Amino acid sequence: MYRSPIKHCRNCGAAVAYRVPDDGDTRERAVCPACGTIHYENPLNVVGTVPHWGDKVLLCKRNIEPRWGKWTLPAGFMELNETTAQGAARETDEEAGAQFEMEDLFSVMNVERVGQVHLYYRARLLSEQFHPGHETIEARLFTEAEIPWDDLAFRTVKETLACYFSDRRQGAYGIHVIDVA
Ligand SMILES: [Zn+2]
């Protein structure tokens, strides 16, 4: 999911050069030598949910790369013109076809290495019937003991699930801010 460097100007199509702009900036940017446009690259948001049903959590088996065949919480890149909660709900609908009620923000994870911030909300499932979309091979519920810890797609999913079951045992849910190496 790491982004490749910008090669061409989004404004005029000329080849860009990476250099520190002359406007007092301190970082290298993709600068267009033809029209002067500076292309800023900033972290992307990934939004998702922890859908729960009793003592179980819903996981989806990925039908897409990367990590095909691995298990994940429903999540994906936030789109323009939606809030973080709307994006998380959309991804849950698309990937799991679940019926649910959105709850509070649960985890915020900085994934500096790939320039992403992941946000997960808790979501209360209203039914055990799932209708997964094409990105998902299978959607099913897991108790804590059944979670396939070694077959989870991403470190962020593992961290979020560990926090979720820990909070659940203590009977209170917080907001967890985690820096993922
Ligand atoms: Zn240009």
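This text gives an overview of the structure that appears in the document. Just so it is clear, the structure is predicted and the values come from calculations on it, not from any experiment. Here the residue numbers are simple positions, counted from 1 along each chain's written sequence. Only residues with pLDDT of at least 70 get local features here, since the model is predicted, and only at 80 or more are side-chain atom pairs given and counted; chain-wide, interface and lining totals rely on the full set of residues. Computation of side-chain values: all heavy atoms of the structure, hydrogens and water removed.

Some thoughts on the sheet that holds strand β2 (residues 29-31)
Strand pairs in the sheet, formed through backbone hydrogen bonds, run parallel or antiparallel to each other.
Step number 1: Taking strand neighbours across the sheet as the criterion, the three strands line up as β1-β2-β3 in an open arrangement whose pairing is antiparallel. Each edge of the open sheet carries a strand with a single partner, namely β1 (17-19) and β3 (38-39).
Step number 2: Should DSSP find at least two bridges between two strands, the strands are regarded as paired. Each helix is a run of H or I in the DSSP string that is no shorter than four residues. Each strand is a run of E no shorter than two, and both are numbered from the N terminus. Two strands pair when backbone bridges link them, and β2 and β3 are joined in this way by two bridges, in the antiparallel orientation. Bridge pairing links valine 31 to isoleucine 38 in β3.

Looking at helix α2 (residues 155-170)
Step number 1: A helix is expected to reach a length of 1.5 Å times the quantity of its residues less one. Under the 1.5 Å per step criterion, the end-to-end length of α2 is 23 Å for 16 residues, consistent within 8% with the ideal 22 Å.
Step number 2: Turning to α2, its buried residues are Thr156, Val157, Thr160, Leu161, Cys163, Tyr164, Phe165 and Asp167.
Step number 3: A positive phi of about 75° marks glycine 171, the residue just after α2. Only protein chains enter the accessibility calculation, which uses a 1.4 Å probe; a residue is then buried when its area is under 20% of its type maximum, exposed when over 50%, and partly exposed in between.

A few points about the side chain of aspartate 25
Step number 1: By secondary structure assignment, the location of aspartate 25 is in the loop between β1 and β2.
Step number 2: On the basis of relative accessible area, aspartate 25 is assigned to the buried category, the value being 19%.
Step number 3: A distance of 3.2 Å separates a polar side-chain atom of aspartate 25 from the backbone nitrogen of arginine 27.
Step number 4: Here aspartate 25 is in contact with Val20 and Tyr40, once residues within four sequence places are set aside. Here a polar contact is recorded for every N or O atom pair within 3.5 Å, except that within protein the pair must consist of a potential hydrogen donor and a potential acceptor, and residues adjacent in sequence are included only if both atoms are side-chain atoms. Between two residues, a contact is recorded if the distance between any of their heavy atoms is within 4.5 Å.

Side note on helix α1 (residues 84-96)
Step number 1: When the terminal C-alpha atoms of α1 are compared, their 18 Å separation across 13 residues agrees well with the 18 Å that a helix rising 1.5 Å per residue should span.
Step number 2: Listing the buried residues of α1 in full gives Gly87, Ala88, Ala89, Arg90, Glu91, Thr92, Glu95 and Ala96.
Step number 3: Buried residues along α1 sit in contact with β4 (44-53), β5 (56-62), β7 (75-77), β8 (100-111), β9 (116-125) and β10 (136-143).
Step number 4: The positive-phi residue at the C-terminal boundary of α1 is glycine 97, with phi of around 60°.

Let's talk about the side chain of serine 127
Step number 1: Mapped onto the elements, serine 127 comes out in the loop between β9 and β10.
Step number 2: Here the side chain of serine 127 touches glutamine 129 through a polar contact of 2.8 Å, landing on its backbone nitrogen.
Step number 3: Here serine 127 is in contact with Trp53 and Gln99, once residues within four sequence places are set aside.

Remarks on the coordination of the zinc ion
Step number 1: Here the zinc ion is held by the protein donor atoms Cys9 (SG), Cys12 (SG), Cys32 (SG) and Cys35 (SG), which lie 2.3 to 2.4 Å from it.
Step number 2: Around the zinc ion, the four donor atoms sit at angles spanning 102 to 117°, and that spread fits a shape best called tetrahedral.
Step number 3: Site description for the zinc ion: donor spacing in sequence, C-x2-C-x19-C-x2-C.
Step number 4: Overall, cysteine 12 belongs to the partly exposed group, its relative accessible area being 40%. With water excluded from the atoms, a metal site may look incomplete; its donors are any N, O or S atoms within 2.8 Å, or within 3.2 Å for Na, K and Ca. Geometry is assigned from the angles between donors: four donors with all angles from 85 to 135 degrees make a tetrahedral site, four or six donors whose opposite pairs exceed 155 degrees while the rest stay between 65 and 115 make square planar or octahedral sites respectively, and everything else is labelled irregular.

Points about the pairing of β4
For a regular strand, the rule is simple: side chains alternate between the two faces of the sheet.
Step number 1: Among the ten residues in β4, seven count as buried, and that is most of the element.
Step number 2: Bridge analysis of β4 against β9 gives nine bridges, and the strand direction is parallel. Along β9, the bridge assignment pairs threonine 49 with tyrosine 121.
Step number 3: Alignment of β4 against β7, held across three bridges, turns out to be antiparallel. What sits directly across from glycine 48, in β7, is alanine 75.
Step number 4: Linking two consecutive strands that pair antiparallel, namely β4 and β5, is a turn of two residues; a positive phi of about 60° is found at glycine 54 within it.

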